[in-house]
Amino acid sequence: MRALQLSPEQVHRGSLILVNRDYDYKEPDFSLSGDFGPEALSVLCGHTAKTPVLLKRRAAVLFCGLMDQIGGWDGIVPVSGYRTLAEQTEIWNDSLVRHGKAFTSTYVALPGHSEHQTGLAIDLALKQDSIDFLCPDFPDFGICRAFAAQAPQYGFIRRYPSKKEGITGIGHEPWHFRYVGTPHGAIMEQEGLTLEEYIFFLRDFPHGKHPYLFTEGERKIAVSWLPARKDEITWLFVSDRLPYSVSGDNVDGFIITEWRDGYAS
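Treat the numbers as computed from the prediction; the structure is a model and nothing was measured. (Residues numbered from 1 in each chain as written. Predicted model: local features only at pLDDT ≥ 70, side-chain atom pairs only at ≥ 80, totals over all residues. Heavy atoms only, no water.)

Re the overall build of the protein chain
- A count of helical and extended segments in the protein chain gives seven helices and twelve strands.
- Relative to its length of 265 residues, the protein chain is compact, with a C-alpha radius of gyration of 18 Å against a globular reference of 18 Å.
- For the protein chain, the spread of C-alpha atoms along the three principal axes comes to 55 × 40 × 35 Å.
- Going through the 265 residues of the protein chain one by one, you find that 47% of them count as buried.
- For the protein chain, long-range pairs separated by at least 24 residues make up 65% of all intrachain contacts whose partners lie at least 6 apart in sequence. (Helix = DSSP H or I, 4+ residues; strand = E, 2+ residues; numbered from the N terminus. Rg over C-alpha atoms; globule rule 2.2 N^0.38 Å. Buried < 20%, exposed > 50% of the residue type's maximum accessible area, 1.4 Å probe, protein only. Contact = heavy atoms within 4.5 Å.)

Below, the structure is given as structure tokens:
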């Protein structure tokens, strides 16, 4: 058994952090290295726009793998990935002037509350001559449907689905995808959950007691939640023989994923 020390800061880091109108994004200290540093962002392979679209390294790798798998580069255009707080503020203010408060509140996240600031979200468009930056066309047919169908297996979810606006706080955006990692994309798709719902759904599966069990091919995966100790170190005990990952939820705890057979992707 391995004992890990999780700091309060780590609640706000990881591929499963919830960022929305109620939970803001805590900017990391860029003086640190690894996942906290700016070098963790990668330019999407196969993307040739003058302004590069960036994602966190792991998300970029999986995104490119999915695009290669479906032959998506000829029909899908990455529109927007990582944004700084300043960029999100400029987009918000510009939309207020051009479209008004109702539209902006529906389709643009408040600065400091945007998933794009995490480097885990991407907006996509069907490749065509004219693309709307805020509401790009991403129809439910052809190559766009193929991307959406395969996305959960690569750790991506369609973040703002129809009829869930009251939960997400954002209007239906078929073009906006969020990396949550595997197997979480597939679990959310299977259970019909948004990220908001999934974060709180996992409270029913406490770590060390009875985890949520998921089978992916020959791999058996256990997912559980561990509450964070406020302003103190949280101790996590995991097997020292099997792969695992830990993500904060940006609320008050950690989500632990343990691969009991096979290896993490």
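Quick word on helix α6 (residues 184-191)
- Among all positions of α6, only H184, G185, A186, I187 and M188 are buried.
- Those residues of α6 that are buried lie in contact with β6 (156-160), α7 (195-201), β8 (212-216), β9 (219-227) and β12 (253-259).
- Two residues or fewer after α6 comes G192, characterised by a positive phi angle close to 70°.

Points about unusual backbone geometry
- Look at the link from T182 to P183: it is a cis peptide, with omega at 5°.
- Counting through the fold element by element, P183 comes out in the loop between β7 (173-179) and α6.
- Backbone geometry at D231 places phi at a positive 60°, although glycine is not the residue there.
- With respect to the helices and strands, D231 occurs in the loop between β9 and β10 (234-238).

Some details on the pairing of β12
- Within β12, seven of the seven residues are buried, leaving the element largely enclosed by the surrounding structure.
- Neither face of β12 is open: one carries G253, I255, T257 and W259, the other F254, I256 and E258, and all of them are buried.
- Bridge count for β9 against β12 is seven bridges, and the pairing is antiparallel. Within β12, the position partnered with A222 by the bridge is E258.
- As judged from the five bridges shared by strand β11 (residues 244-248) and β12, these two strands associate in the antiparallel manner. By the bridge assignment for β12, V246 is matched with I256.
- Between the end of β11 and the start of β12, which pair antiparallel, lie four residues, with N250 showing a positive phi angle near 65°. (Pairing = 2+ DSSP bridges.)

A look at the environment of G253
- Relative to the helices and strands, G253 resides in strand β12.
- Sequence spacing of G253 and A228 is 25 residues, and the spatial spacing of their C-alpha atoms is 4.5 Å.
- For G253, the residues in contact, after removing those within four places along its chain, are V11, W225, L226, P227, A228, S247 and G248.

Some words on the sheet that holds strand β4 (residues 76-80)
- One open sheet accounts for four strands, arranged β4-β5-β7-β6; its pairing is antiparallel. With partners counted over all chains shown, the strands left at the sheet margins are β4 and β6, one partner each. Between one strand and the next, the sheet's axes are offset by a mean angle of 45°, whatever the strand orientation.
- Pairing analysis gives three bridges linking strand β5 (residues 121-126) to β7, with the strands arranged antiparallel. (Axes fitted to C-alpha atoms, helices over the stretch in contact; angles between N-to-C directions.)

So, the nonpolar core
- The biggest cluster of nonpolar side chains holds 29 residues, and the ones touching the most others in it are F63, F147, F156 and F177.
- When contributions to this core are tallied by element, the ones reaching two or more residues are α1 (57-70), β5, α4 (142-150) and β7.
- For this core, the element with the highest residue contribution is α1, accounting for eight residues.
- With residues near it in sequence (within four places) discarded, F177 still touches L120, A121, I122, L124, F138, F147, A148, A151, F156, I157 and R158. (Core = buried A, V, L, I, M, F, W, Y, C linked by side-chain atoms within 4.5 Å.)

Coordinates in, geometry out; function isn't part of it.
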